[in-house]
Amino acid sequence: MDNTSRSGTWNRLLTTGLTISLIAGCTTQLSQQTGSKKQWSRAAEANLTHEYAKQRYQQVRDVSYQLALSLSKTKPDYTGEVTVDFAWQPGEQPLTLDFVGGKVHSMHINGKPVNAEYNNWFIQLPATQLKQGHNQVTIQYSHSYSKDGAGLHRFTDPKDGKVYLHTQLQPYDGNKLFPQFDQPNLKASYQLTVDAPVEWQVVSAERESTIERLSSDRKRWYFPRSERFSTYIISLHAGPYQVWEDNSAIPPLRLLARPSMANYVDAEEWFKLTRHGMTFFQDYFGLDYPYEKYDQLIVPEFNAGGMENVAAVTYSERYLTRGKVTRELRQSRANVILHELAHMWFGDLVTADWWNGLWLNESFATYMAHLAMSHYPDYEDSWLRFYSRIKLWAYEEDELVTTHPIEVKVEDTNNAFTHFDGITYGKGAAVLKQLAHYLGPDNFKQGVHNYLKQYAGGNTQLDDFFNSLADASKQNLTPWVKQWLRTAGVNTISTHYQCKNNKISDFSIIQQASNKYPVYRIQRVLVGLYYDNAKRLKRAKPIPVTYLGEVTSVPAAIGRPCPDFTFANVDDWGYSKVALDSRSEDYIKRHLSRISDPLLRSMVWQGQWDQVMAAKLPLTNYLSWALQQLPIEKNEMIVRQVVANLQESYDYLAVLHEKELAIFGPQLENLAWQQLAKAKPGSDWQAFWFEAFIHFTHTPAGLAKVEDILALKRRIAGLAIDQDLRWRLVVKLNEYAIPSAAQWINRELSRDSSDRAERQALLAKAIQPQAKAKQYWLEQLWDNSNLTLQEQRSLVDGLFPTSQFTLSAGYADQIVGQLNDLKEKDSRFKSTYSRLLPRLCQPENVARLQAALTNLAFDSPVVQKRLKVAIQQEERCIAISQRIKDKSKQQL
């Protein structure tokens, strides 16, 4: 699954990593002693504990499913019949089939009718009806379609009324599609038969063998039995999708999307990139693609970026735009395409035994996607993207109070995705990247091949992967695993050196560990020495160093000319932050643009921002420096990185710092407008700076420009104001209550009847800065029965922007006070609602949030995590704010 993204710190840290909806609540595996016999019971909740899963794994083997489904365009539910074949070994616990939220109409066990003992969460199979060895259970059932993306989700296109279905089953929603043993190590084969409307396409892991016409308006699709794989990666997609095909090579490729979005699909580029990935991964892994075909479906209202369903990958429509297709969008799309394709080997063919190993699945796919991208024309800078998108996300989350080791114990499926965050994706991928350098790329590649070949079709533990790498490299990885996977936190490295007669006389790497996580790690990095020639900074041949402990000497540097600038992690091999020595710090303040290497320049830019986040550098100092340097920065990826930090800066100033906002707010707005004016018409650069201008606009003059552009009274040569951009302008006008703002919502709805329009209209209405409007939409959000998950998210995105700090402060008690009422809400609503936690930069709010965490009356990993992060972010904001105030006092 791909769920990687970066935005502003507040939104990023309260959302990223948690936007995948979590199953909340706490289910426990209970055991009681009756004499010497242990009796097991299972709590009636939408949860699977690892303890129960291990017990069930001892009882069940050789699973296969035969599934027949009847799908409808109009009915609120679908019907099905599943036959489960499996071998059973009696154990200490009752055997259950997972099935959340459905209805059981009949059940047969080994050919005999049995009254189903079903409690809305699972079906208990009576041991008296089972026999040791082969058993067969047949269940007729029904289940409602979902609106929150879990299980079998139904979407009706408001543009043409057509209905589309897709599944999302990870980690524990496969049982919402049909009754099953829903755990990753009980792999099974699947044989599907699907009745559907005549005009629909039906797609799953196998290509259909036969399509039978049942009537004038119904067809029956027959799919052959599949290979064995885990329940969370079986899939079902159905609807009148448009289909593009590429049969130029093996496997055959198809791409599907709804017709109303077909004009925005570049199928040729999609296929070209997929073919590149097929060739690259088959060569790298040393194994052919393991399945018979490869379908990719772009679906509406998909919760994540992508999902690695076997041979039928699902993607979000966020990768389609109704406007200009920029290189940034194409590269982001390329990343997710290659990420999901890598999963076909690493994750689908070989699968983690339980959810504690899922980090390796996601981290490996993230690393491999960037490696494959770096070999694709036009994306050779993928490692710069990796640093600015993936690694910075990891660093941020690794300094949160909620950080955790990469490899963690996952007690149940409730907790599976609380750790699905920047540590799991970003840090995991980063340490795999540095491990490849530590072992040597060829040894790493050989170890991966050996692992996939040995465990193809099976499930593995963490040791299986690292033993394969250790065998290939002839190295003991036990210390490495302990340091990097079993401990949390990010270290900082720096260079320390002395010069005599303009020659280096002493040189070492200093490693600093935090007080909370005092771990010194081993790692291989490149140390760079740079020399200024008054035009640019030239790099001497870098020095590879494997460091361990607090101080590591670098003898190879002694005798070299004394440098003007040094950097301890050139080319970003290592996972660690870098602190500059005083000479280097002084150099970049004056001559940042002389650094020709974009990756190094990106890391230096970020180092300055890190000092702001640590409250070591006043935010206003950073802004003054950045506003001077940014106009001469030519790398678009770096500009995006820095502008994201400037957007966070604006958010910090919007809270409590009216004087500084009055100074820097107009400067940021003017910067974007000036850069927009300089940009080449029709360029990606122009499109980017226009988006930045929309974000920073807040003055009456700027907002007047926004309305004139929307009304087509002001035109910018080469810039097409597409429908998606028009909605962004409408939202901006409503954020600041421009008199005509509400009218613009209705005007755009009259010209745009899409689902995107409906969600953007909700956002625009929620963002209006009137107390009455806020209260109304809060109530609508709470009474969420008629809203899809995506609509709920739109409301949350709009309700309390930082520009409305004073207004949002008035709702802090109400929002926090309702947290305990979330107990009766579904899991995904808990996740969505808790994104509203107030962000006020006030000690009183810290106390409010701490009290809410202490008094939370139910166990919800996602709500608890969000509260902890919100408290830390409030404390950070207070520290940054105080640093600004201290500077202002010094200037008086």
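Scroll up to find the structure this text is about.
Residues numbered from 1 in each chain as written. Predicted model: local features only at pLDDT ≥ 70, side-chain atom pairs only at ≥ 80, totals over all residues. Heavy atoms only, no water.

*Asks:* Even after reading the chapter, I still don't get the pattern of salt bridges, so can you show me in this structure?
*Replies:* Where charged atoms from two side chains of opposite charge approach closely, those side chains can pair. For the structure on display, the rule yields 45 salt bridges. Salt-bridge contacts for E199 lead to K73; the nearest nitrogen and oxygen are separated by 2.8 Å. In this pair, E199 is assigned in the loop between β13 (188–197) and β14 (201–203) and K73 in the loop between β3 (60–70) and β4 (77–88), connecting sequence segments 126 residues apart. Residue classification places E199 among the partly exposed positions, given a relative accessible area of 40%. (Salt bridge = Lys/Arg side-chain N within 4 Å of Asp/Glu carboxyl O. Helix = DSSP H or I, 4+ residues; strand = E, 2+ residues; numbered from the N terminus. Buried < 20%, exposed > 50% of the residue type's maximum accessible area, 1.4 Å probe, protein only.)

*Asks:* So what exactly am I meant to see when it comes to the packing of aromatic side chains here?
*Replies:* Describing an aromatic ring pair means giving the distance of the ring centres and the angle of the ring planes. As enumerated under the stated definition, the model contains 53 aromatic pairs in all. Between the aromatic rings of Y284 and F285, the centroid separation amounts to 5.9 Å while the plane-to-plane angle is 85°, which identifies the pairing as edge-to-face. Across the pair, F285 and Y284 agree in class, each one buried. Note on W484 and Y575: the rings are 6.3 Å apart at their centroids and 75° apart in plane angle, and the pair reads as edge-to-face. Of the two residues, W484 sits in helix α11 (residues 478–485) while Y575 sits in the loop between β31 (565–570) and β32 (577–578), which places them 91 residues apart along the sequence. The buried category is assigned to W484, whose relative accessible area is 2%. Given the relative accessible area of 2%, Y575 is considered buried. Lying across the ring of Y52, R42 places its NZ or CZ 4.8 Å from the centre. (Phe/Tyr/Trp six-rings, centres within 6.5 Å; stacked < 30°, edge-to-face > 60°. Lys NZ or Arg CZ within 6 Å of the ring centre and 35° of its normal.)

*Asks:* How should the sheet that holds strand β8 (residues 117–118) be read in this particular structure?
*Replies:* Strand pairs in the sheet, formed through backbone hydrogen bonds, run parallel or antiparallel to each other. If you trace the three strands from one edge of the open sheet to the other, you get β5-β9-β8, paired in antiparallel fashion. Two strands lie at the open edges of the sheet, namely β5 (95–98) and β8, each paired on one side alone. Looking at chain direction, β8 and strand β9 (residues 122–125) are connected through two bridges and run antiparallel. Among the inter-strand pairings, E117 is bridged to a residue of β9, identified as Q124. (Pairing = 2+ DSSP bridges.)

*Asks:* So what exactly am I meant to see when it comes to helix α10 (residues 462–473) here?
*Replies:* Residue pairs spaced three or four apart in an α-helix point in one direction, given the helix's 3.6 residues per turn. If you check α10, its first and last C-alpha atoms are 17 Å apart, about what 12 residues at 1.5 Å a residue would give, namely 16 Å. Most of α10 sits out of view: nine of its 12 residues are buried. Buried residues belonging to α10 abut α5 (358–373), α8 (423–439), α9 (441–455), β24 (459–460) and α11. Downstream of α10 by one or two residues, K474 has phi in the positive range, about 60°. (Expected span 1.5 Å × (residues − 1). Contact = heavy atoms within 4.5 Å.)

*Asks:* Teacher, can you tell me more about the environment of L236 here?
*Replies:* Within the secondary structure layout, L236 lies in the loop between β16 (218–222) and β17 (237–239). Residue L236 is classed as buried on the basis of its relative accessible area of 1%. A C-alpha to C-alpha distance of 23 Å links L236 and D62, two positions 174 residues apart in sequence. For L236, the residues in contact, after removing those within four places along its chain, are L69, L71, L152, L165, H166, T167, L177, V194, V202 and V203.

*Asks:* Sorry, what's going on with the sheet that holds strand β22 (residues 312–316) here?
*Replies:* On the basis of which strands lie adjacent, the open sheet formed by five strands has the order β18-β19-β20-β22-β21 and mixed pairing. The open sheet has two edge strands, β18 (242–246) and β21 (306–307), and neither has a second partner. With five bridges connecting them, strand β19 (residues 253–257) and strand β20 (residues 294–299) associate as parallel partners. In the sheet register, L256 faces β20, and the bridge partner there is L297. Most of the contacts of helix α3 (residues 267–285) go to β19, to which it runs at about 140°, and overall it touches β18, β19, β20 and β22. (Axes fitted to C-alpha atoms, helices over the stretch in contact; angles between N-to-C directions.)

Purely spatial values, then, with no claim about function.
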